[in-house]
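Listed below are the residues making up each chain.
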Amino acid sequence: MKREARMIIDKDYVIGEVDDKLYGSFIEHLGRAVYTGIYQPDHPTADEDGFRRDVIELVKELRVPIVRYPGGNFVSNYFWEDGVGPRESRKPRLDLAWTTLEPNLFGLNEFVTWAKKVGTEVMMAVNLGTRGVADACNLLEYCNIDADSYYSNMRKSHGFEKPHNIKYWCLGNEMDGPWQVGAKTAAEYGRLAQETAKAMKMIDPSVKLVSCGSSFMYMPTFPEWEAVTLEHTYDYVDYISMHQYYGNRDNDTADYLAMSMDMEQFIKSVIATCDYVKAKKRSKKTMMLSFDEWNVWYHSNEADDKIKERKPWSIAPPLLEDIYNFEDALLVGLMLITLIKHSDRVKMACLAQLVNVIAPIMTDEKGGAWRQTIFYPFLHASAYGRGMALHPILHATRHDTSKHEDVSDVDAVAVYNPENEEVTIFAVNRSLDGDVSFETELRGFSDYQVLEYIVMEGYDLKAVNSAEGENVRPAAKTDYLFDNGTFTANMKKCSWNVIRFGRNK
Ligand code: AHR
């Protein structure tokens, strides 16, 4: 069977502006994300604050615009006051989410300082598990207020005269999940989030707030959770959160690579639910989506259970250290394409997470930092996926998998960056069975030429990178044709493709 894909992109077929915050990420007090990840004072590359410079360099390479902190499940029993002020007086605490010990040597001021160094914005989460309105207010006052008030003065006494001015705030984390400390029913959470949001906006009307959506699409309470909670929070918040992880648990790669279709369905369902509440409330406001946890997560599950059984309450054990292979990079590419395709409503997203914990960047406590396979699709999207997302008019041959029907062999999207006059196509050939003859017509870009064609192709699907070397990395491809505005190439089976065009200057 001949496999083919024909795509048209047109400068006028705009989906929407891609918000830079689509390429955000996440650092949780979990495993080695903080300790021996971003913070390791005894590491040879540590700077004056104890931050690993090798990690800072890799994070900068990814150009991450916003990083969510400090959790995740961790935040639902976190006492932020434990992590500020003189280190000598900070106390270790039990972290119930991950059965570890939090030494509190790194807290919010260290994170804000680190974020400045890497050139990223902070997205802070408040504890709505075991705490509530008052504590969220105190934290916001500590972070954002310049007044002669208790928490504002406390921040100043800790050496931070100027407020941190943190704009983006999550109202708790996965509050629908039975595993969450202080989990709530939709009605309970809706009321609490509404009152917290109301009070936070009284303190600082410029903050942007994220209401908790379902922990993942297969929660039994999805999408009723969204409908009920938004009834309470709709007028007070700016985003609703989405979380989703995938894994090739059955070693069925064809089906695994179709899972981005589920992600797309999830996004469409959340949009529909938001718009239902909008209609019901006769509101003029459109709710935006913050897909603030997404990735592949399954490789480390078994190992993590053993670690927790063996050693409860240890500091920074190696939890959730998924080692990603080539097929994971392909799915991450497909998930990025899905996010870009919905960038008119998904205005923020966080690859979960950033360092060591289900992360594109890994560290060796006694050695260097290195890039996982998934680092690259994220890097390409973050570098070239800013601007206007263009509707891909795409006709491709299709296949069925064990659990998905009518799967397009190729999924693709394009982003036009008017500032630097570039267009980039991101495409994955997810067919396991054959190369695809790929053709794209560029309309409205008559004086453009190919700048480069980057691929990740030809690797063993299970090939991984490690501290010893990067087996899986991008390469430049030169066997393509570009004639009269039409680009053609043989797109290898199981490949990640980034085709960059720029205006003839
Ligand atoms: O990212 C790891 C965990 O996944 C987060 O703590 C939680 O929010 C989600 O379940």
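Nothing here was measured: the structure is a model prediction, and the numbers come from that model.

S.K.: Before we move on, could you go through empty space enclosed by the protein and cite the residues and values that matter?
M.R.: Taken as a whole and judged by the stated rule, the model has three cavities of 30 Å³ or more. Taken as a whole, the largest cavity encloses approximately 100 Å³ of empty space. Taken together, 14 residues make up the lining of the largest cavity; nearest its centre are Trp80, Ala125, Val126, Asn127 and Leu139. Secondary-structure elements contributing two or more residues to the lining of the largest cavity are strand S7 (121–126) and helix H3 (133–144). Among the residues forming the lining of the largest cavity, the class breakdown is 10 nonpolar, two polar and two charged. When its volume is computed, the second largest cavity comes out at roughly 90 Å³. Lining the second largest cavity are His29, Leu30, Gly31, Tyr35, Asp95, Trp98, Thr100, Leu101, Glu102, Pro103, Ala316 and Pro317. Ranked by residue count, the leading element in the lining of the second largest cavity is strand S6 (residues 100–102), at three residues. Class assignment of the residues belonging to the lining of the second largest cavity gives a composition of seven nonpolar, three polar and two charged.

S.K.: Quick one: what's the story with the site of the ligand, residue by residue and with numbers?
M.R.: Taken together, 13 residues are adjacent to the ligand, and Glu28, Asn73, Glu174, Tyr245 and Glu293 come closest. Asn73 has a polar backbone atom sitting 2.9 Å from an oxygen atom of the ligand. Contact distances for the ligand include 2.7 Å between an oxygen atom and a side-chain N or O atom of Glu174. Here the ligand loses 95% of its free accessible area of 280 Å² to cover by the protein chains. According to the grid-proximity analysis, the pocket containing the ligand is the largest pocket. When its residues are assigned to classes, the shell around the ligand shows six nonpolar, four polar and three charged.

S.K.: Give a description of the layout of surface pockets that names residues and reports values.
M.R.: Its volume calculated, the largest pocket comes out at about 770 Å³. Around the largest pocket, the lining is made up of 38 residues, and of these Phe216, Tyr245, Arg249, Trp297 and Asn301 lie nearest the centre. Tallying contributions element by element places helix H9 (residues 301–310) first for the lining of the largest pocket, with four residues. Of the voids in this model, the second largest pocket is the one considered here, and its volume is about 200 Å³. Listed by contribution, the elements that provide at least two residues to the lining of the second largest pocket are helix H8 (260–280), helix H10 (326–341), strand S16 (393–396) and strand S19 (410–417).

S.K.: Can you explain the sheet that holds strand S11 (residues 288–296)? Please cite residues and give values.
M.R.: The strands making up a sheet are joined through hydrogen bonds of the backbone, oriented either antiparallel or parallel. Sheet architecture is closed into a barrel: eight strands sit in the order S3-S4-S7-S8-S9-S10-S11-S12, paired in parallel fashion. Taken over all neighbouring pairs, the strand axes of this sheet differ in orientation by 30° on average, direction set aside. Here strand S10 (residues 239–246) runs beside S11; their pairing, made up of seven bridges, is parallel. Across the sheet, the residue bridging to Tyr239 is Met288, located in S11. Set on the sheet, helix H5 (residues 186–203) makes contact with S7, strand S8 (168–171) and strand S9 (208–211); between it and S8 the angle comes to about 155°.

S.K.: So what's going on with the environment of Pro44? Which residues, and what values?
M.R.: Along the polypeptide, Pro44 turns up in the loop between strand S3 (24–26) and helix H1 (53–62). The class for Pro44 is exposed, based on a relative accessible area of 78%. Distance in space between the C-alpha atoms of Pro44 and Gln265 is 46 Å, their sequence separation being 221 residues.

S.K.: Just give me the short version of helix H6 (residues 224–233), but keep the residues and values in it.
M.R.: Inspection of H6 places Trp225, Glu226, Ala227, Thr229, Leu230 and Thr233 among the buried residues, and these make up the whole buried set. Tucked into the core, H6 has its buried residues touching H5, S9, S10 and H8.

S.K.: Any chance you could break down H1 for me, citing the residues and the numbers?
M.R.: Turning to H1, its buried residues number three or more, namely Asp54, Val55, Ile56, Leu58, Val59 and Leu62. Tucked into the core, H1 has its buried residues touching helix H2 (108–118), strand S13 (361–363), strand S14 (369–371) and helix H11 (375–384). Downstream of H1 by one or two residues, Arg63 has phi in the positive range, about 50°.

S.K.: Any chance you could break down the domain arrangement of the protein chain for me, citing the residues and the numbers?
M.R.: Segmenting the protein chain into domains produces domain 1 (4–10 + 389–503) and domain 2 (19–384). Centre-to-centre, using C-alpha coordinates, domain 1 lies 30 Å away from domain 2. The partner domain 2 presents 36 residues to the 41 residues of domain 1 that form the contact. Summing both partners gives a buried area of about 3,200 Å² for domain 1 against domain 2, and 66% of it is carried by carbon and sulfur. Considering only the side of domain 1, the residues that lose the most area to domain 2 are His404, Arg430 and Trp496, jointly responsible for 18% of the buried surface there. Our enumeration of links across domain 1 and domain 2 arrives at five salt bridges. In this structure, Lys403 and Asp255 form a salt bridge, with 3.9 Å as the shortest nitrogen-oxygen distance.

S.K.: Give me the lowdown on the nonpolar core, citing residues and values where you can.
M.R.: Core analysis: the biggest nonpolar cluster contains 137 residues, and Leu108, Trp169, Leu171, Phe291, Trp294 and Leu354 have the highest contact counts within it. No other element matches H10, which puts 11 residues into this core. Both domains that meet at this core, namely domain 1 (4–10 + 389–503) and domain 2 (19–384), each give it at least three residues. With residues near it in sequence (within four places) discarded, Leu354 still touches Ser25, Phe26, Ile27, Val59, Leu62, Val64, Val67, Trp114, Ala359, Pro360 and Ile361.

S.K.: Outline unusual backbone geometry, supporting the account with residue identities and numerical values.
M.R.: Residue Gly72 is bonded to the preceding Gly71 through a cis peptide linkage, with omega at 15°. With respect to the helices, strands and loops of the structure, Gly72 is situated in the loop between strand S4 (66–69) and strand S5 (93–95). Cis geometry is adopted by the peptide bond preceding Gln353, which originates at Ala352 and carries an omega value of 0°. Considering the arrangement of structural elements, one finds Gln353 in the loop between strand S12 (346–351) and S13. Phi angles above zero are rare outside glycine, and Arg282 is one such case at about 50°. On the basis of relative accessibility, which here comes to 70%, the residue Arg282 falls in the exposed class.

Scoring rules and cut-offs
Residues numbered from 1 in each chain as written. Predicted model: local features only at pLDDT ≥ 70, side-chain atom pairs only at ≥ 80, totals over all residues. Heavy atoms only, no water. 1 Å grid on protein atoms, 1.4 Å probe; cavity = no way out; pocket = protein on both sides within 12 Å on 5 of 7 lines; lining within 4 Å. Points joined across faces, edges and corners; volume = space filled by probe spheres on them. Helix = DSSP H or I, 4+ residues; strand = E, 2+ residues; numbered from the N terminus. Nonpolar A, V, L, I, M, F, W, Y, C, P; charged D, E, K, R; others polar. Near = heavy atom within 4 Å. Polar contact = N/O pair within 3.5 Å; in protein donor to acceptor, adjacent residues only side chain to side chain. Areas by Shrake-Rupley, 256 points an atom, 1.4 Å probe, with all protein chains shown as cover. Sits in = over half its atoms within 2 Å of the grid points. Pairing = 2+ DSSP bridges. Axes fitted to C-alpha atoms, helices over the stretch in contact; angles between N-to-C directions. Contact = heavy atoms within 4.5 Å. Buried < 20%, exposed > 50% of the residue type's maximum accessible area, 1.4 Å probe, protein only. Domains from an automatic or database assignment. Buried area = accessible area lost by both parts, 1.4 Å probe. Salt bridge = Lys/Arg side-chain N within 4 Å of Asp/Glu carboxyl O. Core = buried A, V, L, I, M, F, W, Y, C linked by side-chain atoms within 4.5 Å.

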